[in-house]
Amino acid sequence: MAAPMNRESVHEPGAAPYGNFPNYSRFHPPEGRVSLLPQGLLGSLFPAATRPLLGLDVGCNSGELSVALYQHLLGLQDGNSSTELPGAGKELKLLCCDIDPELIQRAQQSSPFPASISFASLDIMDSRAREPFLSSYLQRFGRSSFDIGFCMSVTMWIHLNHGDRGLLEFLALLASLCTFLLVEPQPWKCYRAAARRLRRLGRSDFEHFRSLRIKGDMAESITRILTQQCAMELVCSFGSTSWDRSLLLFKSTSAQPEGSP
């Protein structure tokens, strides 16, 4: 994937070709997502876990949502955000990656949990960079996969930049890497808006936009792909955000949680 475009042209949602616009949390605040997730979710998913749980956040932007997810999942209050002590009896190590090195630098500089949340610049669709990087991280914990993955408003950007085949490969990759997977798909109207905003900037349309065959109800399409082609099952739909995006939790049907004894 090419380098991110000039920041002067990415001031509004959908204007950046990879979703790598700054100030993303101003448009879609983290609390709009985390408030939909039940308290004690990690405990219910991994009741017998005795070692650190490993999480993977793909397309983390500048990290605000990653930090909010970490705090919410571990039951940490805002007033305790400077501590490294996880709550709810669980420990979570979260690896967050994004294609944009400038956003990652911002995330690293502002992270209140540097010992527990790692931020890295990575093109998740570049297998030559991805495979050694993720393998190295997992090997540090003696693991071969992540306990839980987060894909928050990322599927559209993969789809627009890599086409139907790229979306299928991306979802298959996440399913192979994670026991549980939380996905927030962008609806089809966001695809049209992203293409429209890019054209307003005088730039070429997304290469694959007009040739996509997977379209329409994207939450339904992604659910179908993960359940029928990627050996996952839909565990729960946590409802929709105020900006009309579903939060869907999937579980691998072929793997046991590695966070368990």
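All of the points below concern the structure found in this document. (Residues numbered from 1 in each chain as written. Predicted model: local features only at pLDDT ≥ 70, side-chain atom pairs only at ≥ 80, totals over all residues. Heavy atoms only, no water.)

Points about the pairing of strand 7 (residues 246-252)
Then comes step 1: Within strand 7, 6 of the 7 residues are buried, leaving the element largely enclosed by the surrounding structure.
Then comes step 2: The pairing of strand 5 (residues 178-184) with strand 7 spans 4 bridges and is antiparallel. Note that in strand 7 the partner of Val183 across the bridge is Leu248.
Then comes step 3: If you look at the hairpin formed by strand 6 (residues 232-240) and strand 7, you'll find 5 residues sitting between the two strands, and Asp244 has a positive phi there, around 65°. (Buried < 20%, exposed > 50% of the residue type's maximum accessible area, 1.4 Å probe, protein only. Helix = DSSP H or I, 4+ residues; strand = E, 2+ residues; numbered from the N terminus. Pairing = 2+ DSSP bridges.)

Overview of unusual backbone geometry
Then comes step 1: Despite not being glycine, Ser153 has its phi angle at roughly 55°, a positive value.
Then comes step 2: Along the chain, the position of Ser153 falls in the loop between strand 4 (146-152) and helix 7 (155-177).
Then comes step 3: The exposure class of Ser153 is buried, given its relative accessible area of 7%.
Then comes step 4: Residue Ala231 is not a glycine yet carries a positive backbone phi of 55°.
Then comes step 5: Structurally, Ala231 is set in the loop between helix 9 (218-229) and strand 6.
Then comes step 6: A relative accessible area of 33% places Ala231 in the partly exposed class.

Quick notes on the state of the cysteines
Then comes step 1: All chains considered together, the criterion is met by 0 disulfides.
Then comes step 2: Not engaged in a disulfide, the cysteine Cys60 finds its nearest cysteine sulfur in Cys96; these two sulfurs lie 5.1 Å apart.
Then comes step 3: Here Cys178 is not cross-linked by a disulfide; its sulfur's nearest cysteine counterpart is in Cys151, at 9.5 Å. (Disulfide = S-S within 2.5 Å.)

Remarks on the packing of helix 7 against helix 9
Then comes step 1: Direction vectors running N to C along helix 7 and helix 9 enclose 35°, while the axes themselves pass 9 Å from each other. Note on packing geometry: the crossing formed by helix 7 with helix 9 is right-handed. Contacts from Thr155, His159, Leu167, Leu168, Leu171 and Ala175 in helix 7 reach Met218, Ile222, Ile225, Leu226 and Gln229 in helix 9.
Then comes step 2: Across the contact of helix 7 with helix 9, the residue classes tally to 8 nonpolar, 3 polar and no charged. (Axes fitted to C-alpha atoms, helices over the stretch in contact; angles between N-to-C directions. Left-handed = near helix turned anticlockwise from the far one by under 90°. Contact = heavy atoms within 4.5 Å. Nonpolar A, V, L, I, M, F, W, Y, C, P; charged D, E, K, R; others polar.)

Purely geometric numbers; function is a separate question.
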